[in-house]
Amino acid sequence: MSGSFEQRLAAQYGNLSTRLREAGDYIADNPVSIATRSLRTLASESNLAPATFTRLAHALEYENFEELRETMRDQIGRRVSPFADRADRLQKDAADPQSSFLNRYAAATQDNIAALTAAIEPGRLEAVADKLAAARRVVLLGALGSTGIAEYTAYIANFLGDNWELGARAGSSLGATLAGLDERDAVLVITKPPFARSTIRSAIHAHEQGAYVALITDSRTCPALHAADETFIVPTDSPHFYTSYVATLFLLEAILALVAKRAGPRATERIAEVERRNRLLDEVYAR
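What counts and how
Residues numbered from 1 in each chain as written. Predicted model: local features only at pLDDT ≥ 70, side-chain atom pairs only at ≥ 80, totals over all residues. Heavy atoms only, no water. pLDDT = per-residue confidence, 0-100. Helix = DSSP H or I, 4+ residues; strand = E, 2+ residues; numbered from the N terminus. Buried < 20%, exposed > 50% of the residue type's maximum accessible area, 1.4 Å probe, protein only. Contact = heavy atoms within 4.5 Å. Core = buried A, V, L, I, M, F, W, Y, C linked by side-chain atoms within 4.5 Å. Pairing = 2+ DSSP bridges. Axes fitted to C-alpha atoms, helices over the stretch in contact; angles between N-to-C directions. Parallel < 35°, antiparallel > 145°, perpendicular 65-115°, else oblique. Left-handed = near helix turned anticlockwise from the far one by under 90°. Nonpolar A, V, L, I, M, F, W, Y, C, P; charged D, E, K, R; others polar.

S.K.: Explain the confidence of the model for the protein chain residue by residue, including any values.
M.R.: Of the residues in the protein chain, 90% reach a pLDDT of 70 or more, and the chain-wide mean stands at 86. The secondary structure element of the protein chain with the lowest average pLDDT is helix H7 (residues 80-95), at 53, and the one with the highest is strand S3 (residues 186-190), at 97.

The structure is reproduced here in structure tokens:
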């Protein structure tokens, strides 16, 4: 098994025992402690036996816990600046008891983007973009809170090509959209708790048909993890009452930019043609 700690944990989460899941959650939530503190101290703070962390390392196919720890240290190394920025913001907040919600919300979303960026190993986004750019068809799946995000992604992607489609668009059949998918196709899934049953089932169905599945979620408990060829666990912390989609949009826009890069002049010609027809059909306001 290869990939970051988060990737390995997400891939195996459904197969782990309760105690190993607790250890995995603790490591994911406390990367600095894992990188800097002794195993004995970690065990005491997490109320888990030291052997539990060792068993988790083996379950995720690390040679030992020290190799897992080195992985977390590398991740922390890529987050030195974000951590410093966070400390600076905390000091400013402490000095200003009237700190506004807007400032706290901005800090949270910036932290989410920084954490996501640090967790994604170089090449992962490039690999996903390669798959999406080469796919015969790309189906976007997103329901409930993710509906608008999937629709926005489809709108942008359709500037690049006519092979991107939104699953279960109003008035269309989800079954019809998924019919005929095979190894030549790709499915991009956006789902967060509470998970939409239709999205989970569709992702699993697409995987069973041989399509490449890229999954974006914010929880290691997502029921479709085992069906994904690539998974991104996106931080969503926020003082808001609802899940933040800011980092999710950041990730999707980055993926679309990389897909556009691969399309080259063909994408430029397609975008120009779409814009021309938009004006021809009077879809956009023009002076």
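S.K.: I'd like a description of the environment of Ala227, backed by residues and values.
M.R.: As for its placement among the helices and strands, Ala227 is situated in the loop between strand S4 (212-217) and strand S5 (230-233). Using a relative accessible area of 0% as the deciding quantity, one classes Ala227 as buried. Distance from Ala227 to Val213, taken between C-alpha atoms, is 7.1 Å for residues 14 residues apart in sequence. Apart from residues no more than four positions distant in its own chain, Ala227 is found in contact with Ala203, Ile204, His207 and Val213.

S.K.: Please set out the nonpolar core residue by residue, giving values where relevant.
M.R.: In this structure, Leu132, Trp164, Leu188, Phe232 and Leu251 are the most contacted members of the largest nonpolar core, which totals 34 residues. In terms of residue count, helix H13 (residues 246-263) provides more of this core than any other element does, 8 residues in total. Counting 20 residues, the second-largest nonpolar core is a separate cluster that includes Tyr13, Leu20, Leu56 and Met72.

S.K.: Account for the sheet that holds S3, naming residues and giving values.
M.R.: Taking strand neighbours across the sheet as the criterion, the 5 strands line up as S2-S1-S3-S4-S5 in an open arrangement whose pairing is parallel. A strand with exactly one partner marks an edge of an open sheet, and here the two such strands are strand S2 (164-166) and S5. With strand direction ignored, the average angle separating the axes of adjacent strands in the sheet is 15 degrees. Of the pairings in the sheet, the one linking S3 to S4 comprises 5 bridges and is parallel in character. Across the sheet, the residue bridging to Leu188 is Ala214, located in S4. Strands in contact with helix H12 (residues 197-208) are strand S1 (138-141), S3 and S4; relative to S3, the strand with the most contacts, it is inclined by about 155 degrees.

S.K.: Go over the packing of helix H8 (residues 101-119) against H13 with me, naming the residues and quoting the values.
M.R.: Their axes nearest at 9 Å, the elements H8 and H13 cross at an angle of 40 degrees. Taken together, H8 and H13 sit at an angle that is classed as oblique. The two elements H8 and H13 meet at a crossing, and its hand is right-handed. Contacts between H8 and H13 involve Tyr105, Thr109, Asn112, Ile113, Leu116 and Thr117 on the former and, on the latter, Val246, Ala247, Phe250 and Leu251. Of the residues in the contact of H8 with H13, the class split is 7 nonpolar, 3 polar and no charged.

S.K.: Explain the side chain of Thr153 residue by residue, including any values.
M.R.: Here Thr153 lies in helix H10 (residues 147-157). Residue Thr153 is classed as buried on the basis of its relative accessible area, which comes to 0%.

S.K.: Which residues make up the packing of helix H9 (residues 124-134) against H13, and what values do they have?
M.R.: Where H9 contacts H13, the two axes come as close as 9 Å, and the packing angle between them is 60 degrees. Accordingly, the angle class assigned to the pair H9 and H13 is oblique. Our pair here, H9 against H13, has a crossing hand that is right-handed. Judged by residue contacts, Leu125, Glu126, Val128, Ala129, Asp130, Leu132 and Ala133 of H9 engage Leu251, Ala254, Ile255, Leu258, Val259 and Arg262 from H13. In terms of residue class, the contact of H9 with H13 is built from 10 nonpolar, no polar and 3 charged.

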